[in-house]
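Read off the chains here:
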Amino acid sequence: MTEWTLHPDRALPADPTTRPVAREIYETTRDLPIVSMHGHVDVATFADDTPFPDPAGLFVVPDHYLTRMLVSQGTPLPALGVGPEGTPGLETDPRAIWRRFCAGWKHFRGTPTRYWLEHELVEIFGVTLRPSAETADTIYDQVAARLAEPGFRPRALLDQFRIETLATTDPAWSDLEQHQRLATELGSLTGGSAGLATPRVVPTFRPDPLLHLDQPAWRDDVARLAAASGTEVGDYAGYLAALRERRRAFVAAGGSATDHGHLGADTTPLPDDVAAALFARALAGDDVTAAEAAAFSAHMLFQMAAMSCEDGLVMQLHPGVLRNHDTERYATFGPDKGYDIPVVTEYTNALRPVLEAFGHTENFRMIVFTVDEDTYSRELAPLAGVYPALRLGAPWWFLDEPDAMRRFREAATGTAGFSNLSGFVDDTRAFCSIPARHDLARRIDAGYLARLVVEHRLDLDEAVDTAADLAYRLPKAAYPAPTP
Amino acid sequence: MTEWTLHPDRALPADPTTRPVAREIYETTRDLPIVSMHGHVDVATFADDTPFPDPAGLFVVPDHYLTRMLVSQGTPLPALGVGPEGTPGLETDPRAIWRRFCAGWKHFRGTPTRYWLEHELVEIFGVTLRPSAETADTIYDQVAARLAEPGFRPRALLDQFRIETLATTDPAWSDLEQHQRLATELGSLTGGSAGLATPRVVPTFRPDPLLHLDQPAWRDDVARLAAASGTEVGDYAGYLAALRERRRAFVAAGGSATDHGHLGADTTPLPDDVAAALFARALAGDDVTAAEAAAFSAHMLFQMAAMSCEDGLVMQLHPGVLRNHDTERYATFGPDKGYDIPVVTEYTNALRPVLEAFGHTENFRMIVFTVDEDTYSRELAPLAGVYPALRLGAPWWFLDEPDAMRRFREAATGTAGFSNLSGFVDDTRAFCSIPARHDLARRIDAGYLARLVVEHRLDLDEAVDTAADLAYRLPKAAYPAPTP
Amino acid sequence: MTEWTLHPDRALPADPTTRPVAREIYETTRDLPIVSMHGHVDVATFADDTPFPDPAGLFVVPDHYLTRMLVSQGTPLPALGVGPEGTPGLETDPRAIWRRFCAGWKHFRGTPTRYWLEHELVEIFGVTLRPSAETADTIYDQVAARLAEPGFRPRALLDQFRIETLATTDPAWSDLEQHQRLATELGSLTGGSAGLATPRVVPTFRPDPLLHLDQPAWRDDVARLAAASGTEVGDYAGYLAALRERRRAFVAAGGSATDHGHLGADTTPLPDDVAAALFARALAGDDVTAAEAAAFSAHMLFQMAAMSCEDGLVMQLHPGVLRNHDTERYATFGPDKGYDIPVVTEYTNALRPVLEAFGHTENFRMIVFTVDEDTYSRELAPLAGVYPALRLGAPWWFLDEPDAMRRFREAATGTAGFSNLSGFVDDTRAFCSIPARHDLARRIDAGYLARLVVEHRLDLDEAVDTAADLAYRLPKAAYPAPTP
């Protein structure tokens, strides 16, 4: 077998007229710093800066993109080390997990997981063998050796990856202590960024569980909110006050955004007294119907928008995913195990209340993501193309692979242009995949822009300028830091 | 800066094998006359033949594709000259409006507005500078000078643009006097067309407001209908008779089509007595529910189809757009200001009543448009591919940009072929964009056909023949002139 | 006119960098045997092995892809020989039918019918003239002469086409006698396949009419089921027992799959007593509402899945087509005449009951097809990418043309990979189109894989291996023969 390498032109268009132009554009964005304004890396990773565990613990066990594919091909989750202690068949030997993953390498062909892992293994870890049952052990040893080096600890990688800003996602009741510690320590660590007014790792306010009255843990979560905010939450007014207080704390800790993962995009407000009565019934432990809970969730999205107008936090909405499709696996393995499946999502009517109320409010910024591609050209680009407050987020989740990212550009640009987009966000919990994901996005964008140039729909200087917008300037501009 | 020019190969495929074939095909359609069977240029433009106003009044103020993009980037409508007299901040200096537009040129990158305007400015007005804050005044002066020349008056441009037929859109109560005047004057003006049996500028019957019982102005509009038709409209029978009479007048004035812009595509008829009772209640000023009004609208689409079977007017349906999404801006600025947003549209069930009743009626022709791309391959191509009466209209509104036009071909052709399409319609109120739009469509079609040739799915002679169908023969055939 | 030939590179990508790689990949799959695991060729074709009729009877009359296009252009079905005896205008001269078809050749441009017929006429029948009004008679004579040769009888063509396995579709009450006869005779006929444990032509269990309580013929069909199974069907338990018995018979006859063509994909089970009561009412001839009948159909899909867990028959689901859109034509001409139109289809919620219950059951395999492309990336690839039991079927019906097949790869692969697909199935009743369809699919797949190679997203050896999976190994693996 020849050496496993990354081709410098990977993911650039095949067409020989377009490729050199794409390469020229890509060269101008390749080394720009990474601004990662939406993701799910745990803040503890950086606060504690403990070395990453073994290769399986870094690459396989926590990555539901990866484990779901092996599950679909017949490997049960426990055989991949996933599951609570005591789960029958739970594999505890990381090398055995790694071997299963390498033996299944074929199944990732054509998927972005394959593309990202290839980038990570070759570029970051210097691997030169293609994964397979035969090469598994050699690769394992090589990656494990690297992980033991100081240069592979999380904070060091932040530098190696040229990450200028990284947003984490944090519960509304987070004490943000780790962020505050990081703000001090990373400043001195990195030198260059010490002069910045905002910290390098910033929190994102995610209140989802608090907004769904019918979730089993809702009352416990409200108690956490009350404790964290130092506010009594005995009624709806107290609840709003506590949320407002926590948002202030996030702003103070350098946060620039909220994030909302509802099933639908509905933002219809209820009359205040209706909302207050629903809240009171739920707090009293009385039954609330699913429809009432959904109406309250929609109402609270409207309230979150109203609060964003006050405090300047950018409002991110990620609707349209039915979580935990398999109830039994959810009970055994918990959330985020690959069983979240998209559904049809409606935006034109659903966002109307918020956009009519705040769509022209200067201090309001909303960024909407979708896993329903049809809505790009039909709803989201038309909406983002007129409402000043609205930006269309980057292709999300199942749509963050090369061909889907290209389709996004082709479907959204004609109506929204480039200026109404949020720029790339990686949305990942796999820290080491961040450079791979941003690099891939820059390559796809270079390819798309190159085609516009070669088709004489854009001049080259415009394409180069737009490429820098998409890779760097737009995410910075789309998530402005509120004034604490 | 180098001179701003149009590349002869613009919008042709990048691939070096396909491009020369595309160029060869495009050369055969480039100079074909324009048959513009669906659009919104005001008939008064030609009837009065007054010179166009300044550059801002021609290009910026009336074009909601353009103003919505600048609004989305923070420029309020009044700063672009849009709004009734007395609107706070209403800009009245056309040069100031033009400067704002040129300063925002960047935001149009990748949009069709950019593509069309570039064509218009360079090709029609001889502009050689790329718009920007710096070049705004020079371009303004150059365009303004041209607009003062006699060759740039509307009728002269009809000739320069090689427009063989142009359809306007007219209220059902229009007296059609301007069309009648034009039929005489344009005949003598153009020489060549004097021998034609149909006039060069033809009206289109648009009865929308009359079909929606719950619109505030409905009773006033019914009074207009009665007056225009010379028919008493005291009940449902009178209403139908008046509509029939007006359709006759449109046929007599050279009209070949009706146009219908409903929210949904439903065509389910009501029993006659139910329709008559609803009509009576609405005419009496009694409350009609939204559901009742929608049912009546659907019923009236069925009636319009039935009347088309009698009088031969082609029935055009443009559903699926939620008009005036922002209620407050609608109240201030009126309709057609960029706040119309598409919604999911269903056709398979919705069109069934009309297609079952008239889908095989020899004299009936229905052309359906969509802004919901998913329906191309799923519903509209399968329907148009079997019902003789149905033709699938060209990509419409948000879908009239290069990549969406290409997707339309790729999604619809496999099932509908080419013969079941209506050919290109520009659907524009921006008169000077008509040549740009038809030229772009011809280029995209040449590129698509060239790919079929290069992939050996079509012979070159067939591709050339099909290109002429799409550009010229199909729109003529799809909108046959009824015998008055 | 130059000779009509097939270009060796047809349907391969135009781009000069990608094409040679595509050609290299295609060469490795071109001559692989055909495994046709889902189709509608009548088993009698092979059981009786009677010569095919004239060219019109082979190519035109039974092919609703073809007749629907000519109907859409104004040729009534009877003029194409379609309709029961006595239909006004029913053409009985095959040569006249053939002439109408050839005269309409233009209308097939850009459609897969054109592509397949070209392949069949040139490759199988040696035609060298492009069809047209002028060439119709010559081609007719040439094809008719061939059809009289022994090498053009159905069984001989099975060999010529290199068909290793062919699945037919059979009613649940079929006596399977023809299959049993074929299993013996084809074994000795083909030599090579005599050693196989499964017969070469296998039945597929299609119980649709039995699962829809509200169809007029339902009680008659239940009587047929009872007779065929030798089971008394006096109640719901007897009905289930009879279905179970018939499935056993299909397994014994070499069947490997069931097939289900419901309007929606709903699989929600009813409580047993509710199902039993509904069944009893329907059997007694009492009225059952459409909603009740739909609930029973969904319930029975769940039961079919449960039975598949027992007997190992692969469960195929083909939802989302509204059959017989034109009621009057249905009454006159019967089903499968081109009037079946797709509708929006939902899978995420609809399949949840079956997937939660059996999605991880080792012996269960479900293959889902769609005519709603939006669901590839939004629902079906995400579902197939995690549930071991689920495979995503090949692009189906209106989506089996070159560009739609390419879109399928681009939309599904990123999330489902290749291993979660069923491989190509031709789903055709046009026997002679089988090699053309498989060849086309292999070309499109080669082109898609070549692009991944040229974009450095896949190595060439991986692409070649995947191409063989898609063309040959996956359909064999996706439809494993149950142990009888």
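Residues numbered from 1 in each chain as written. Chains lettered and ligands numbered in written order. Predicted model: local features only at pLDDT ≥ 70, side-chain atom pairs only at ≥ 80, totals over all residues. Heavy atoms only, no water.

**Student:** I tried to follow the confidence of the model for chain A on my own but got confused; where do I start?
**Tutor:** Interpretation of this model should avoid reading the predicted coordinates in detail wherever pLDDT is low. Averaged over every residue, the pLDDT of chain A is 95; residues scoring 70 or more account for 97%. This model gives residues 188–196 of chain A a pLDDT under 50, and the stretch forms seven contacts once residues within four places in sequence are excluded. (pLDDT = per-residue confidence, 0-100. Contact = heavy atoms within 4.5 Å.)

**Student:** What is the right way to read unusual backbone geometry from this model?
**Tutor:** Glycine aside, residues mostly have negative phi angles, and peptide bonds mostly take the trans form. With a phi angle near 65°, A11 of chain B is a residue other than glycine that sits in the positive phi range. By secondary structure assignment, the location of A11 of chain B is in the segment before α1 (18–29). (Helix = DSSP H or I, 4+ residues; strand = E, 2+ residues; numbered from the N terminus.)

**Student:** Would you mind going over the domain arrangement of chain A with me for this structure?
**Tutor:** It is common to give the size of an interface as the accessible area lost on bringing the parts into contact. Residues and elements named next belong to chain A. Taken domain by domain, chain A comprises domain 1 (18–51 + 150–478) and domain 2 (52–149). Computed from C-alpha atoms alone, the centre-to-centre distance between domain 1 and domain 2 is 28 Å. On the side of domain 2, 25 residues touch domain 1, which itself brings 33 residues to the contact. Contact between domain 1 and domain 2 buries roughly 2,500 Å² in total, counting both sides, with carbon and sulfur atoms accounting for 69%. Of all residues in domain 1, F152, F333 and C432 give up the largest surface area on contact with domain 2, accounting jointly for 26% of the area buried on that side. In this assembly, domain 1 and domain 2 are joined by zero salt bridges. Of all elements in the fold, only α8 (154–160), α15 (327–333) and α19 (434–454) reach the threshold of two or more residues within the side of domain 1 that touches domain 2. (Domains from an automatic or database assignment. Buried area = accessible area lost by both parts, 1.4 Å probe. Salt bridge = Lys/Arg side-chain N within 4 Å of Asp/Glu carboxyl O.)

**Student:** Looking at this structure, I do not really get the pairing of strand β6 (residues 257–260) of chain A. What am I missing?
**Tutor:** The side chains of a regular strand alternate, residue by residue, between the two faces of the sheet. All names here are of chain A. Residues A257 and D259 of β6 are buried on one face, and the alternating residues T258 and H260, pointing to the opposite face, are buried as well. Pairing of β6 with strand β7 (residues 314–317), which is carried by four bridges, proceeds in the parallel orientation. Across the sheet, residue H260 finds its bridge partner in β7, namely L317. (Buried < 20%, exposed > 50% of the residue type's maximum accessible area, 1.4 Å probe, protein only. Pairing = 2+ DSSP bridges.)

**Student:** What's the story with the relation of the copies chain C and chain A in this structure? I'm lost.
**Tutor:** The operation relating the pair of chain copies consists of a rotation about an axis and a translation along that axis. For the pair chain C and chain A, the superposition axis carries a translation of 0.0 Å, the fit reaches an RMSD of 0.0 Å, and the rotation angle comes to 120°. Considering both components of the superposition, the chain copies are consistent with a three-fold axis. Nearest to the rotation axis, the C-alpha of D15 of chain C is located 3.3 Å from it, this being the minimum over chain C. Of the interface residues in chain C, just 6% have counterparts in chain A that sit at the interface too, so the contact is made through distinct surfaces. (Least-squares fit on C-alpha atoms with pLDDT ≥ 70 in both.)

**Student:** What should I look at first to understand the interface of chain C and chain A in this one?
**Tutor:** Listed as interface residues are 47 residues of chain C and, on the opposing side, 51 residues of chain A. Between chain C and chain A, the buried area comes to about 3,900 Å², and carbon and sulfur atoms account for 45% of it. Broken down residue by residue, the surface that chain C buries against chain A is led by R378, H456 and R457 of chain C, which jointly contribute 18%. Counting every contact that joins chain C to chain A gives twelve salt bridges. Residue K106 of chain A pairs with D465 of chain C through a salt bridge whose shortest N-O separation is 3.1 Å. Along the contact surface separating chain C from chain A lie 31 residue pairs in polar contact (both at pLDDT 80 or more). Elements with a contribution of two residues or more to the side of chain C that touches chain A: α15 (352–358), α16 (374–384), α17 (402–416), α18 (434–454) and α19 (460–478) of chain C. Its residues assigned to classes, the side of chain C that touches chain A shows 15 nonpolar, 15 polar and 17 charged. (Polar contact = N/O pair within 3.5 Å; in protein donor to acceptor, adjacent residues only side chain to side chain. Nonpolar A, V, L, I, M, F, W, Y, C, P; charged D, E, K, R; others polar.)

**Student:** Just checking my understanding: could you explain the pattern of salt bridges for this structure?
**Tutor:** For side chains bearing opposite charge, pairing can occur when the charged atoms are close. By the definition in use, this model includes 161 salt bridges over all chains. A salt bridge links D374 of chain A to R378 of chain C; the nearest nitrogen and oxygen atoms lie 3.0 Å apart. Note that D374 of chain A is positioned in helix α17 (residues 374–384) and R378 of chain C in helix α16, a pairing that runs across two chains. Since its relative accessible area comes to 11%, D374 of chain A is described here as buried. Across the salt bridge formed by D400 of chain B and R437 of chain B, the nearest N and O atoms sit 3.1 Å from each other. Pair noted here: D400 of chain B is in the loop between β11 (390–392) and α18 (402–416) and R437 of chain B is in helix α19 (residues 434–454), with a separation of 37 residues, a long-range link. When sorted by exposure, D400 of chain B lands in the same class as R437 of chain B, which is buried.

**Student:** Honestly, helix α20 (residues 460–478) of chain A in this entry has me stumped. Any pointers?
**Tutor:** Owing to its 3.6 residues per turn, the α-helix aligns residues three or four sequence positions apart on the same side. Along α20 of chain A, the helix axis deviates most sharply at D469 of chain A, where the bend reaches about 55°. Within α20 of chain A, burial applies to E462, A463, T466, A467, A468, D469, L470, A471, Y472, L474, P475 and A478 of chain A. (Bend = angle between axes of the 7 residues up to and from the residue.)

**Student:** Teacher, can you tell me more about the sheet that holds strand β3 (residues 170–171) of chain C here?
**Tutor:** All names here are of chain C. Spatial strand order, β3-β5-β6-β7-β10-β11: six strands in an open sheet with parallel pairing. This sheet does not close on itself; its edge strands, each paired only once, are β3 and β11 (390–392). The pairing of strand β10 (residues 366–368) with β11 spans three bridges and is classified as parallel. Bridging from a neighbouring strand, I367 pairs with R391 of β11. Against the sheet, helix α11 (residues 236–252) engages β3, β5 (204–206) and β6 (257–260), with an angle of about 160° to β5. (Axes fitted to C-alpha atoms, helices over the stretch in contact; angles between N-to-C directions.)

**Student:** Would you take a moment to explain the relation of the copies chain B and chain A for this structure?
**Tutor:** Expressed as a screw operation, the relation of chain B to chain A combines 0.0 Å of axial shift with a rotation of 120°, fitting to an RMSD of 0.0 Å. Here only 6% of the interface residues in chain B have copies in chain A that are interface residues too; the copies meet through unlike faces.

**Student:** Can you walk me through the interface of chain B and chain A in this structure?
**Tutor:** Counting from both sides, the interface comprises 51 residues of chain B and, opposite them, 47 residues of chain A. Surface buried jointly by chain B and chain A totals about 3,900 Å² across both partners, of which 45% is contributed by carbon and sulfur atoms. Along the contact surface separating chain B from chain A lie 13 salt bridges. Across the pair D469 of chain A and K106 of chain B runs a salt bridge, and its minimum N-O distance is 2.8 Å. Counting every contact that joins chain B to chain A gives 31 residue pairs in polar contact (both at pLDDT 80 or more). Within the residue set of the side of chain B that touches chain A, elements represented by two or more residues are α4 (64–72), α6 (112–124), α15 (327–333), β9 (341–342) and α18 of chain B.

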